[in-house]
Amino acid sequence: MEDSVIEKTEEAGFERLRLQFEEYADASTGARALAERCRDYRDGDQLTAEEYETLKKRGQPPVIDNKIADKVDTLSGIEETTRTDPKAYPRTPAHEEAAEVATDALRYIADDSLFQDASAAAHEHLVVEGLCGGEVIVEKRKGKPPAVKMNVIRWDRIFYDPHSIKLDYSDSEYKGFTTWMDHDQAKADWNPKKNPLASAAALDALGRCFVDAGTAGIAETHDDKPRYIMTARGRKRVQVFTHYFRQDGQWKYAVWCSGGYLEDPRPSPYKNEDGEPDCAIEFQAVYKDRDGNPYGVVQRYLDL
């Protein structure tokens, strides 16, 4: 009977995470459609199928003067030329030497983690889709000291608490991102015999959730890319969710797929300045509408 109670509790916890993502997917439909439209306009895909057909009947070539791409490139260039190196400032004259040491450490971490590249990618997402994200992690390296890394998260892989109204999403109850990978690679990454973090039931979970290439995920924006691809060899792909969430006033972390947990929920291994578990994901929106939906600079140029 005790095992039955534990099993039901675990199922309830997994269902909670799945419903959080579905809540995000339902609430963000309009915002994601706008973001996709902004990305299409930035890429020069600015005419509908009906407009292309009308031009074809007239014998006119589809000519697009892509001013939006020019604007995005200009803003990205301004960001790059005005970017500064991190610097620590002393609170009092007695702290000047300590500030110099802190500055050296910050600049070393920025260079070692290729932060400039991450900054450029994040800035374009801010301008176009209005939302950027990254996971700040400590990466273990063989024969070298651990490295602080900033993994940029593509805008179409991000999910968040739709009730968040702050631009930096610090009021979110959950944050996360999705990753698509080959099913065989997922089985290797979350093999309990090789990965101490893997759930004991990870391989069973993966066996219940692989999909054919091109099959949609839970939210269309988060589909595997390229969409609707057909492969002759029946390539199997799986959508993996990295999920941070608040529970009992504490940030927790889990990795799951539609079949179950790949890494069981546990307190986040990353700590804040008070030594408490903290979310390793940082999101930032440039603007939000009155419903809390993010949008970027490109949105204002669509009508023009």
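In this convention, every chain numbers its residues from 1, walking through the sequence in written order. Local features in this predicted model are restricted to residues whose pLDDT is 70 or higher, and side-chain atom pairs enter the listing and the counts only when it is 80 or higher, whereas totals over whole chains, interfaces and linings include all residues. The basis for every side-chain value is the complete set of non-hydrogen atoms in the structure, without hydrogens or water.

### Points about empty space enclosed by the protein
Turning to step 1, where the next piece is worked out: Using only the protein atoms, space was sampled on a 1 Å grid; points where a 1.4 Å probe fits but cannot get out form cavities, open sets with protein on both sides within 12 Å along at least five of seven lines form pockets, and lining residues are those with an atom within 4 Å of a point. Grid points are joined across faces, edges and corners, and a volume is the space filled by probe spheres set on the points. According to the stated counting rule, one finds 1 cavity of 30 Å³ or more in the structure shown.
Turning to step 2, where the next piece is worked out: Here the largest cavity defines a volume of roughly 100 Å³.
Turning to step 3, where the next piece is worked out: Lining the largest cavity are 13 residues, with Arg32, Ala35, Leu131, Trp155 and Tyr160 sitting closest to its centre.
Turning to step 4, where the next piece is worked out: Only DSSP runs of H or I with at least four residues qualify as helices, and only runs of E with at least two residues qualify as strands; both kinds are numbered from the N terminus onward. The set of elements that each furnish at least two residues to the lining of the largest cavity consists of helix H2 (29-42) and strand E3 (158-160).
Turning to step 5, where the next piece is worked out: The biggest single contributor to the lining of the largest cavity is H2, with 3 residues.
Turning to step 6, where the next piece is worked out: Side-chain classes are defined by residue name, with Ala, Val, Leu, Ile, Met, Phe, Trp, Tyr, Cys and Pro counting as nonpolar, Asp, Glu, Lys and Arg as charged, and the others, Gly among them, as polar. Partitioning the lining of the largest cavity into residue classes produces 8 nonpolar, 2 polar and 3 charged.

### Some points on unusual backbone geometry
Turning to step 1, where the next piece is worked out: Of note in the backbone geometry, Tyr169 takes a positive phi value of approximately 60° without being a glycine.
Turning to step 2, where the next piece is worked out: Along the chain, Tyr169 falls in the loop between E3 and strand E4 (174-182).
Turning to step 3, where the next piece is worked out: We classify Tyr169 as buried; its relative accessible area is 0%.
Turning to step 4, where the next piece is worked out: In this model, Asp248 sits at a positive phi of 55°, which is unusual for a non-glycine residue.
Turning to step 5, where the next piece is worked out: In this structure, Asp248 sits in the loop between strand E6 (236-247) and strand E7 (250-257). For every residue, the accessible area obtained with a 1.4 Å probe (protein chains only) is divided by the maximum for its type, and the residue is called buried under 20%, exposed over 50%, and partly exposed between those limits.

### A short note on the packing of H2 against helix H6 (residues 115-128)
Turning to step 1, where the next piece is worked out: In this analysis, axes come from line fits to C-alpha atoms, helices being fitted only over the stretch in contact, and the angle between any two N-to-C directions falls in the range 0 to 180 degrees. In contact at an axis separation of 9 Å, H2 and H6 are set at 110° when each is read in the N-to-C sense. One element, H2, and the other, H6, form an angle in the roughly perpendicular class. For the pair H2 and H6, contact is made by Cys38, Arg39 and Arg42 and by Glu124, His125 and Val128, respectively.
Turning to step 2, where the next piece is worked out: The residue inventory of the contact of H2 with H6, partitioned by class, reads 2 nonpolar, 1 polar and 3 charged. When describing relative orientation, an angle under 35 degrees is termed roughly parallel and one over 145 degrees roughly antiparallel, while 65 to 115 degrees is termed roughly perpendicular and anything else oblique. Contacts are assigned to residue pairs with any non-hydrogen atoms lying within 4.5 Å of each other.

### Some thoughts on a nonpolar patch on the surface
Turning to step 1, where the next piece is worked out: Each patch groups residues whose relative accessible area exceeds 30% and which form no salt bridge, using 9 Å between like charges and 5 Å between nonpolar side chains of Val, Leu, Ile, Met, Phe, Trp and Tyr. Areas reported as accessible are Shrake-Rupley estimates using a 1.4 Å probe. Residue values count occlusion only from the protein chains shown. Any carboxyl oxygen of Asp or Glu within 4 Å of a side-chain nitrogen of Lys or Arg constitutes a salt bridge here. A contiguous nonpolar surface patch, about 400 Å² in accessible area, is contributed by Tyr108, Ile109, Val136, Val138 and Val148.
Turning to step 2, where the next piece is worked out: Among the secondary structure elements, those contributing two or more residues to the nonpolar patch are helix H5 (96-112) and strand E1 (131-141).
Turning to step 3, where the next piece is worked out: Relative to the assigned elements, Val138 resides in strand E1.
Turning to step 4, where the next piece is worked out: Residue classification places Val138 among the partly exposed positions, given a relative accessible area of 45%.

### Description of the sheet that holds E1
Turning to step 1, where the next piece is worked out: Only strands that DSSP links by at least two bridges are regarded as paired with each other. Taking strand neighbours across the sheet as the criterion, the 3 strands line up as E2-E1-E9 in an open arrangement whose pairing is antiparallel. Every other strand in the sheet has two partners, leaving strand E2 (144-153) and strand E9 (281-285) as the edge strands with one partner each. Direction aside, the axes of adjacent strands within the sheet are offset by 20° on average.
Turning to step 2, where the next piece is worked out: As defined by bridge partners, E1 adjoins E9 across 5 bridges and the pair is classed as antiparallel. Residue Gly134 lies in a different strand from E9, and its bridge partner there is Glu282.
Turning to step 3, where the next piece is worked out: Along the sheet face, H6 touches E1, E2 and E9 and points at about 160° away from the line of E1.

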